[in-house]
Amino acid sequence: MTAIHLENLVKRFGAFTALKTMDLEIRDGEFMALLGPSGCGKSTTMNMIAGMEQPSEGRITFDGRDMNGVAIGRRGVGFVFQNYAIFTHMNVYDNLAYGLKVRGTPASEIDRRVKAMADFLQLTPMLDKPSAKLSVNILQRLAIGRSAIVEPAIFLLDEPLSNVDAAFRAVMRTELKHLQRQFRQTMVYVTHDQLEAMTMADRIAVMDHGVLQQVGTPLEVYNDPVNLFVADFIGSPGMNLLKGTLADSDRGLVVDLGMLGVTAPLDPALSAIARVNRVREVVYGFRPERVVPAAAGQGLAIPVTFIERIGARTVVHFGDREQRVKAVFDNDVAVQAGETVHVAVEPGFARLFDAATGVAIREV
Amino acid sequence: MSMLATKEKLSVTGDLSTPETRIEDGGRRLGLMLTLPAQVLVLFIAVFPLLMQLYISLTDWSPLDGIGWWHAYELWNNFANYTDLAADSRFWDALGRTALVMLICVPAEFLLGLGLAILFMDNFAGKRVFYSIMLIPMMVVPAVTGYMFFMLFQSGGPVNDIISTLIGRPFALAWLSSPGTAMVAVMIADIWQWTPLMFLILLAGLVGVPEDQMRAATLLGASWTQRFHTIVLPKMKTIIIIALSIRVIENFKIFDTLYIMTGGGPGVATETISVYIYKVTQQDLIWGYVAAIALVILIALSILVSLAISRMNAAKEA
């Protein structure tokens, strides 16, 4: 139960800067996901929290205590590795007992705590089994139990589900979230899979190219991305992003999307901010899930390129290379490739970004 | 599946479906025929000399007798070679010296090799160059090693020069002609030459220890020594047994380096089992006796190695 504070954290490897001035507060008992594509600096951040890497600048505090120079083994960090790093030459019992043994805990106490942990994680029937041939969900529980038994202040999980096949991942996600609730531990979870981050995390820190892009609850990040990267990265498919120019019309401020036509008037609030910002060249963003069919002559008229039926939903692709739009409709939507369809964005769900900087135009 | 398909095809294309080409006994006869040449070869290389040796060891045969070895039964001596061997104190002394060399050299090579391998797990400047240099002794012909160390340990040689400089007064020990120190010099030469092999094998083992498990142990609070005992050694058990077995077998046969340095002397001070066998063969020419010695040693070494292998299999299953 520890709050982690990353202050002006920088990590350089030679000339390469892996992490640029990161500030992040992870609250006590929070499940924080570090989300981003590979090479975004999320693993580096985690390794620095664990003490496996030393920050080039800045500091990391646990409940206000500076962790600089504190040895890996003394930080009270539980680390669950991508492949779990179970000691394959030991049985389940010895794996669980390892952390206590190396601390010189009395044998009777080790036995009591290992049994309690095994009971808690439903590992009791396999205590004597060699750990090399266990199934992956048992390995996950064992890895968590092995770390949890020494009562770490925080848990770091490094993409623990990336070796699991897709069908099983849902089960593992549920189990992991369940375990986190039981332990009520601060957990930092590194992943490149937004579904994992969205479903499990209390808050998500989206990272790219060593820069922290946005921190927020899954819904905040999803609904109000702060820049084009987050808008595109979060969501499957990502947000539709169309280049356009702000223009005044008799009904209010609209975005001129060139060939595609002119959008519906923006919300009064968004219009007001856009006017204050004095930006003309913008990117007009909206979620594929918020695209609705419009009556002929209204909304944007765009040709359907192809249709992806994914069961529950149908993803319709519109437009050409320049101005591509995706829309998620019900699975029985009656559109065909080649025809031109009129679509609009649900009122209140359009977002604006500054085309030059990529930053969202919104209330701060 | 593929077998089935083949069978069907054969029966359809008539001319190939002669009984000889059909696989009816699960391929056992075909397998035997295919491996027969290799089996005969193995028989001649391994089994035949062994039987020949056993045969000669039961006789007083020597090439000087003027009869072929296959006529050796004419010199049958009722196991006299073996009874002589049991009473041969020179043999037992040589065996004792061989064991002593093995008990000092192999652990020394192991510990030095392991220490160096651990050093080479870290990165340091010039690592690749040192790595290449490290392996040179192993590639030197043992006879040349013998000559090198013969020169080094002369009473006016570099070893004594260095010791003189260190202690600040003249030091002129005749290493190779003093019974007490000749064996020390021989063991130093052996350790110099064969530590690199240990190093190489153990480094391969160390590299194979999963890094994430080491990290996991570190994160759980294990110190370096604890990690070494609980992760590294168990993971390297098999490779350590292999390395030790190779060196025990090889060291037991120590000959060329030693023979060039001391010739087994002074007196019999460095006479190991191989030197003794060589002398008996070349000087005394009692080949029946030599065969008996060789056979006894072969059996002793075989027992040693099979013990090591069974330990290794036990380690693998654990």
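Every chain's residues receive numbers from 1 upward, in the order its sequence appears when written. Note on labels: chains are lettered from A, ligands numbered from 1, in written order. At least 70 in pLDDT is required for a residue's local features to be given in this predicted model, at least 80 for side-chain atom pairs to be given and counted, and no such filter applies to totals for whole chains, interfaces and linings, which use all residues.

Caption draft 1: Highlighting the environment of B:Ser302. All names here are of chain B. When you line up the elements, Ser 302 lands in helix α13 (residues 287-317). Field definition: a residue is buried when 20 or more other C-beta atoms are found within 10 Å of its C-beta, exposed when 12 or fewer are, and partly exposed for counts in between, with C-beta atoms placed from the backbone. A count of 10 C-beta atoms within 10 Å places Ser 302 in the exposed class. In this structure the C-alpha to C-alpha distance between Ser 302 and Ala 189, which are 113 residues apart in sequence, comes to 26 Å. Counting from the N terminus, the helices are the DSSP runs of H or I reaching at least four residues and the strands are the DSSP runs of E reaching at least two.

Caption draft 2: Up close: the interface of chain A and chain B. Contact with chain A, which involves 16 residues of that partner, is made by 13 residues of chain B. When contributions to the side of chain A that touches chain B are tallied by element, the ones reaching two or more residues are β6 (77-80) and α2 (92-102) of chain A. Each residue gets a C-beta atom placed from its backbone, and two residues are in contact if those atoms lie within 7 Å.

Caption draft 3: Examining the pairing of strand β18 (residues 340-345) of chain A more closely. Residues and elements named next belong to chain A. Alternating residues of β18 divide into Val 341, Val 343 and Val 345, all buried, and Thr 340, His 342 and Ala 344, none buried. The pairing of strand β14 (residues 291-293) with β18 spans 3 bridges and is classified as antiparallel. The residue bridging Val 292 from the neighbouring strand is Ala 344, located in β18. Pairing between two strands requires that DSSP report at least two bridges joining them. The pairing of strand β15 (residues 300-309) with β18 spans 4 bridges and is antiparallel. If you follow Leu 300 over to β18, its bridge partner there is Val 343.

Caption draft 4: Local environment of the sheet that holds β18(A). Residue and element names in this part refer to chain A. The strand order across the open sheet formed by 5 strands is β14-β18-β15-β16-β17, and the pairing between neighbours is antiparallel. Because the sheet does not close on itself, it has two edges, and the strands there are β14 and β17 (325-330). Mean inter-strand twist for the sheet, computed between neighbouring axes without regard to direction, equals 50°. Direction of pairing for strand β16 (residues 313-318) relative to β17: antiparallel, over a ladder of 6 bridges. Across the sheet, residue Thr 314 finds its bridge partner in β17, namely Phe 329. Axis geometry follows a simple rule: fit a line to the C-alpha atoms, using only the stretch in contact for helices, then measure angles between N-to-C directions, giving values from 0 to 180 degrees.

Caption draft 5: Inspection of the confidence of the model for chain B at higher detail. All names here are of chain B. The predictor rates its confidence in each residue with pLDDT, a number between 0 and 100. For chain B, per-residue confidence averages 84 on the pLDDT scale, and residues scoring 70 or more make up 91% of the total. Long-range and interchain partners of residues 1-14, a stretch whose pLDDT sits below 50, account for 5 contacts in this model, where long-range means more than four residues apart. Our summary of model confidence lists the complex with pTM equal to 0.71 and ipTM equal to 0.72.

Caption draft 6: Structural detail: the nonpolar core. Think of a nonpolar core as buried Ala, Val, Leu, Ile, Met, Phe, Trp, Tyr and Cys residues chained together by C-beta atoms that fall within 7 Å. Residues A:Ala33, A:Leu156, A:Val188, A:Tyr189 and A:Ala205 are the most contacted members of the largest nonpolar core, which totals 109 residues. At 6 residues, α2(A) tops the list of elements feeding residues into this core. Counting residues domain by domain, this core receives three or more from each of domain 1 (4-86 + 134-223) and domain 2 (239-361) of chain A. In this view, A:Val188 contacts A:Ile26, A:Met32, A:Leu34, A:Met46, A:Ile49, A:Ile154 and A:Leu156; residues no more than four positions away in its chain are not counted. Core analysis: the second largest hydrophobic core is formed by 35 residues, B:Phe149, B:Tyr259, B:Ile273 and B:Trp287 among them. Domain start and stop positions are those given by an automatic or database domain assignment.

Caption draft 7: Quick peek at the packing of helix α6 (residues 142-152) of chain B against helix α8 (residues 179-207) of chain B. Residue and element names in this part refer to chain B. Here α6 crosses α8 at 130°, and the two axes come no closer than 10 Å. The angle between α6 and α8 places the two elements in the oblique class. Seen from above, α6 lies across α8 with right-handed handedness. Touching Pro 142, Thr 145, Gly 146 and Phe 149 of α6 are Ala 185, Ala 189 and Gln 193, all from α8. Residue polarity is assigned by list, with Asp, Glu, Lys and Arg as charged and Ala, Val, Leu, Ile, Met, Phe, Trp, Tyr, Cys and Pro as nonpolar; anything else, Gly included, falls into the polar class. The residue makeup of the contact of α6 with α8, split by class, is 4 nonpolar, 3 polar and no charged. With respect to orientation, any angle under 35 degrees is reported as roughly parallel, any angle over 145 as roughly antiparallel, any angle of 65 to 115 as roughly perpendicular, and every other angle as oblique. Should the near helix be turned anticlockwise from the far one by less than a right angle, the crossing is left-handed, and should it be turned clockwise, the crossing is right-handed.

Caption draft 8: Region of the structure containing the sheet that holds strand β1 (residues 4-13) of chain A. All names here are of chain A. Read from one edge of the open sheet, 4 strands run β2-β1-β4-β5, paired in antiparallel fashion. If you trace the sheet from one side to the other, it starts and ends with β2 (16-26) and β5 (65-66), each paired once. For β1 and β2, the ladder comprises 7 bridges, and the chain directions are antiparallel. Across the sheet, Leu 6 pairs through a bridge with Leu 24, a residue of β2.

Caption draft 9: How the structure looks around helix α4 (residues 89-119) of chain B. A helix is expected to span 1.5 Å for every residue after the first. Here α4(B) is 31 residues long and its end C-alpha atoms lie 45 Å apart, about the 45 Å a rise of 1.5 Å per residue gives. Of the positions making up α4(B), those classed as buried are B:Phe91, B:Ala94, B:Arg97, B:Thr98, B:Val101, B:Met102, B:Cys105, B:Val106, B:Glu109, B:Gly113, B:Leu114 and B:Ala117.

Caption draft 10: Examining the environment of A:Val188 more closely. Residue and element names in this part refer to chain A. With respect to the secondary-structure elements, Val 188 resides in strand β8 (residues 186-191). You can call Val 188 buried: it has 26 C-beta atoms within 10 Å. C-alpha of Val 188 to C-alpha of Phe 31: the two residues are 157 residues apart in sequence and 6.0 Å apart in space.

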